[in-house]
Amino acid sequence: MKAKVLVIEDNEQNLYLITFLLNYHGYDVIQARDGLTAIQVAMETKPDLILLDIQLPEMDGYTVASRFRSESAFADVPIIAVTSYAMVGDRERSIEAGCTGYIEKPIDPDTFIPELEKYLSIRRKDTDGKDTDR
Ligand code: MN
């Protein structure tokens, strides 16, 4: 079974592109356009991976990542920051805030899914120690 991915993104074009790529590769997508909604939705849907835009309205991505990490239910869920290539400090700050890794914007449709799957496989090995066909 393919994983369920929560996409937190306030830019409609990016949200559309990411959703399209994930759906095309068979993933279930849950969308949220701000951090508070994302946390509520995550509690209800238990995503396998979270894609997190850093520049969000109201609550920024660093705060959203910290909030997720403070919940035991999300302690080991991969959180991938989606950071602007130009914003060099964002990557380090994302990791400090609890993100597992980052993918750079603009989204490259050819490398996006392989990069994301790298993080899904990391979690798989960490949680059950063996490779499962998910
Ligand atoms: Mn944004």
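Everything below is about the structure shown above.
Per chain, the residues get numbers from 1 upward, laid out in the order the sequence is written. Given that this is a predicted model, residues contribute local features only at a pLDDT of at least 70 and side-chain atom pairs are listed and counted only at 80 or more, while totals for whole chains, interfaces and linings are drawn from all residues. Note that the side-chain values use all heavy atoms of the structure and ignore hydrogens as well as water.

Caption draft 1: The arrangement of the nonpolar core in detail. Residues belong to one nonpolar core when they are buried, are Ala, Val, Leu, Ile, Met, Phe, Trp, Tyr or Cys, and are joined through side-chain atoms within 4.5 Å. Per-residue accessibility, obtained with a 1.4 Å probe over protein chains only, is compared with the maximum for each type, and a residue is labelled buried under 20%, exposed over 50%, and partly exposed between these values. Formed by 23 residues in total, the largest nonpolar core has its most connected members in Leu6, Ile8, Ile50, Leu52, Val64 and Phe68. Secondary structure follows DSSP: runs of H or I at least 4 residues long count as helices, runs of E at least 2 residues long count as strands, and numbering of each begins at the N terminus. Elements that contribute at least two residues to this core include exactly β1 (4-8), β2 (28-32), α2 (35-45), β3 (49-53), α3 (61-70) and β4 (79-84). In this analysis, two residues are considered to be in contact whenever any of their non-hydrogen atoms come within 4.5 Å of each other. Apart from the residues lying within four places of it in its own chain, the contact partners of Ile50 are Leu6, Ile8, Phe68, Phe74, Val77, Pro78, Ile79 and Ile80.

Caption draft 2: Molecular detail of the sheet that holds β1. The strand order across the open sheet built from five strands is β2-β1-β3-β4-β5, with neighbouring strands paired in parallel fashion. In this open sheet, the two edge strands, each paired with only one partner strand, are β2 and β5 (101-105). Strand-to-strand twist across the sheet, computed as the mean angle between neighbouring axes with direction ignored, equals 25 degrees. Strand pairing follows a simple DSSP-based rule, namely that at least 2 bridges must link the two strands. Where β3 and β4 come together, four bridges link them in parallel fashion. By the bridge assignment, Leu51 is partnered in β4 with Ile80. The convention used is that axes are lines fitted to C-alpha atoms, helices contributing only their stretch in contact, and that angles between N-to-C directions extend from 0 to 180 degrees. Of the strands in this sheet, β1 and β2 are in contact with α2, which crosses β1 at around 170 degrees. Most of the contacts of α3 go to β3, to which it runs at about 155 degrees, and overall it touches β1, β3 and β4.

Caption draft 3: Local environment of the packing of aromatic side chains. Any pair of Phe, Tyr and Trp rings, taking the six-membered ring for Trp, is counted once the centres come within 6.5 Å. Such a pair is stacked with planes under 30 degrees apart, edge-to-face with planes over 60 apart, and tilted for the rest. A full pass over the atoms with the stated rule returns two aromatic pairs. Taking the centre distance of 6.1 Å and the plane angle of 20 degrees together, the rings of Phe20 and Tyr24 count as stacked. Residue Phe20 and its partner Tyr24 are located together in helix α1 (residues 12-24), separated by four residues, close to a single helical turn. Ring centres of Phe68 and Phe74 lie 5.1 Å apart, and the angle between their planes is 75 degrees; this geometry places the pair in the edge-to-face category. As far as the burial class goes, Phe68 and Phe74 line up, both buried. Here, a charge over a ring is recorded when the distance from Lys NZ or Arg CZ to the ring centre is within 6 Å and its angle to the ring normal is within 35 degrees. The lysine or arginine in question, Arg93, covers the ring of Tyr62, its NZ or CZ lying 3.9 Å from the ring centre.

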